[in-house]
Amino acid sequence: MARSSLLGRLPRGPFAPDFWRSPLRGPRFTSVLGVVLLAGITVMFVTGLVSYAAYNPDLSPVNDRTPGKGILGFYLFSWPTDPPWLYRLTQGVHVTLGLALVPVLLAKLWSVVPRLFTLPPARSVTHALERISLLLLVGGALFEFTTGILNVQLDYIFPGSFYPLHFYGAWVFFGAFLAHTVLKAPAAFRNLRRMRQGAGEAGDEDPVEAPVEDLAAPRPDPPTVSRRGALGLVGGGSLLLVATSAGRSFDGPLRETAVLAPHGGPEPGSGPGAFQVNKTAEYAGIRPDDTTEEAWRLTVTGRTGTVRLSRAELLTLPQHDVALPIACVEGWSTSDQDWRGVRLRDLAALAGHDDPVDVFVESLQLRGTWRHAALSADQVADGRSLLALFVNGAELTPDHGHPARVIVPAAPGVLNTKWVDRLTFGEL
Ligand SMILES: Nc1nc2c(c(=O)[nH]1)N[C@H]1C(S)=C(S)[C@@H](COP(=O)(O)O)O[C@H]1N2
Ligand SMILES: [Mo]
């Protein structure tokens, strides 16, 4: 047979099919993992695109760190303010699911790794194209998981911004993923159906795909674990990752269970400011002298010019109470905190804007790349969007943004600017 003469000429190394001995490899093992990834990665893609939309990227170029998104921004919509826990949910799912899929992804790649060494490298133009698409698929998957995990674990350590990397990477990856799904899903589902119909465990792999690149080892070693056992191990790994990271989306003792999640800052401690801090005032280079009653002023600019307000003057404006969470792109979130402060729309009115208008928010912050954010007219118009002066019945703590910070329902944490000193309405 052509195959055995080929083996004869290529006796050694991973290029020889004989090199791969695990009896676990086979269309069924791969199919189960593939179908899990099909569902999981689809959810990842949707929650990821949604997260991008939540940043108000159309209020360009202020929030958008992805210049030239072009037609890839076709789907963008105005991020709603209801329900207030929306971003908490979508981003919590994105990050926690992403971590949970790591063992599945690794097992899937392991199950097909012999194919990396298929010879000849390309049997036909179609085969060559398929292999190139696999390069984008595997490369894209590794790139998206790596950038995502580094981002939630270590903050932004990338050359340039995380957003364009992860955003463009997602489109490349998902394009290849779609092509791969169209090619492989029918066989994968057929394999699963057979498994459900109770075809035995081993020995009857009867692959749906071409035997030339059969996933099963031609001369397998004796099994040390059943396929079910191996899948259980992968699933157990996923569950362990969920159990050790999902707690970051909750307050109280549950947060303590998130041992794998860096909490994005120091431990919350106790008292009214005892909820997750992302960047501390010290880290941000906030000088205490700049936040005193005498030194700090809020500059509000709009159609009718500029108003400067001290904190005491802000306190003479109508104060409102809202219960809202903080939900960070890194996947962690807090439960509702009780904020008290002045409505953004009242401040807009002070600057001559009685109809809905967007706002450019700036901070005292001296250090880091983070200084400003833009909020949409819908967000400003929502009566729950505040320039908060208090949290949980006390003055804002320095780390939570004293003297004043923005809080907006359903918005990503990054739009809730701390240490605010300037609001510019209607110029975006
Ligand atoms: N000025 C300024 N505001 C900021 C940030 C910052 O680094 N600087 N971080 C943002 C991010 S990414 C989040 S998640 C929230 C966190 O708010 P908290 O530290 O009060 O929980 O603040 C936002 N506001
Ligand atoms: Mo954040």
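About the thresholds
- Residues numbered from 1 in each chain as written.
- Chains lettered and ligands numbered in written order.
- Predicted model: local features only at pLDDT ≥ 70, side-chain atom pairs only at ≥ 80, totals over all residues.
- Heavy atoms only, no water.
- Helix = DSSP H or I, 4+ residues; strand = E, 2+ residues; numbered from the N terminus.
- Buried < 20%, exposed > 50% of the residue type's maximum accessible area, 1.4 Å probe, protein only.
- Core = buried A, V, L, I, M, F, W, Y, C linked by side-chain atoms within 4.5 Å.
- Domains from an automatic or database assignment.
- Contact = heavy atoms within 4.5 Å.
- UniProt positions renumbered as here; feature names shortened; annotations may be inferred.
- Pairing = 2+ DSSP bridges.
- Near = heavy atom within 4 Å.
- Polar contact = N/O pair within 3.5 Å; in protein donor to acceptor, adjacent residues only side chain to side chain.
- Areas by Shrake-Rupley, 256 points an atom, 1.4 Å probe, with all protein chains shown as cover.
- Nonpolar A, V, L, I, M, F, W, Y, C, P; charged D, E, K, R; others polar.
- Patch = residues over 30% accessible without salt bridge, like charges linked within 9 Å, V, L, I, M, F, W, Y side chains within 5 Å.
- Salt bridge = Lys/Arg side-chain N within 4 Å of Asp/Glu carboxyl O.

- Looking at an unreviewed UniProt entry, the protein carries the name Molybdopterin-dependent oxidoreductase, with the source organism given as Streptomyces tendae.

**Concerning unusual backbone geometry**
(1) Moving on: Cis geometry is found at the peptide bond from Asp82 to Pro83, where omega equals -10°.
(2) Moving on: Mapped onto the elements of the fold, Pro83 is located in the loop between α2 (27-54) and α3 (86-112).
(3) Moving on: Even without a glycine there, the phi angle at Asn56 is positive, about 55°.
(4) Moving on: Relative to the elements of secondary structure, Asn56 occurs in the loop between α2 and α3.
(5) Moving on: A residue is classified by how much of its surface remains accessible, and Asn56, at 6% relative accessible area, is buried.

**Thoughts on the nonpolar core**
For soluble globular proteins, nonpolar side chains are generally found buried alongside one another.
(1) Moving on: If you look at the biggest cluster of nonpolar residues, it comprises 55 residues, and the most contacted ones within it are Leu298, Trp339, Leu347 and Phe425.
(2) Moving on: With six residues, strand β7 (residues 386-391) is the single largest residue contributor to this core.
(3) Moving on: Structurally, this core is a two-domain feature, drawing no fewer than three residues from each of domain 1 (11-248) and domain 2 (288-425).
(4) Moving on: When near neighbours in sequence (up to four residues on either side) are disregarded, Leu298 contacts Val307, Arg308, Leu309, Leu314, Leu347, Leu387, Val420, Asp421, Arg422 and Leu423.
(5) Moving on: Membership of the second largest hydrophobic core comes to 32 residues, among which are Phe29, Leu137, Phe174 and Leu192.

**Observations regarding the UniProt feature "transmembrane region" (unreviewed entry) in the protein**
(1) Moving on: On the UniProt side, "transmembrane region" (unreviewed entry) is annotated at positions that read residues 29-55, 93-113, 134-154 and 166-187 here.
(2) Moving on: Counting secondary structure, residues 93-113 comes out at 95% helix and 0% strand; the distance between its end C-alpha atoms is 29 Å.

**Observations regarding the pairing of strand β10 (residues 420-425)**
(1) Moving on: The sheet contact formed by strand β1 (residues 298-302) and β10 spans three bridges and is parallel. Residue pairing for β10: Thr301 is matched across the bridge by Thr424.
(2) Moving on: Direction of pairing for strand β5 (residues 359-363) relative to β10: antiparallel, over a ladder of five bridges. When the bridges of β10 are listed, Val359 appears paired with Phe425.

**A short note on the site of ligand 1**
(1) Moving on: Around ligand 1, the structure places 18 residues, and the nearest of them are Gln276, Gln365, His400, Arg405 and Lys418.
(2) Moving on: In this structure, Gln276 approaches ligand 1 through a main-chain N or O atom, which is 2.5 Å from an oxygen atom.
(3) Moving on: Between ligand 1 and the protein, one listed contact pairs an oxygen atom with a side-chain N or O atom of Lys418 at 2.5 Å.
(4) Moving on: Its free accessible area being 520 Å², ligand 1 has 97% of it covered by the protein chains.
(5) Moving on: Counted by class, the shell around ligand 1 contains seven nonpolar, eight polar and three charged residues.

**Some words on a nonpolar patch on the surface**
(1) Moving on: Taken together, Val43, Trp85, Leu89 and Val93 make up a surface patch of nonpolar side chains, about 340 Å² in accessible area.
(2) Moving on: Its place among the elements puts Val43 in helix α2.
(3) Moving on: Residue Val43 is classed as partly exposed on the basis of its relative accessible area of 37%.

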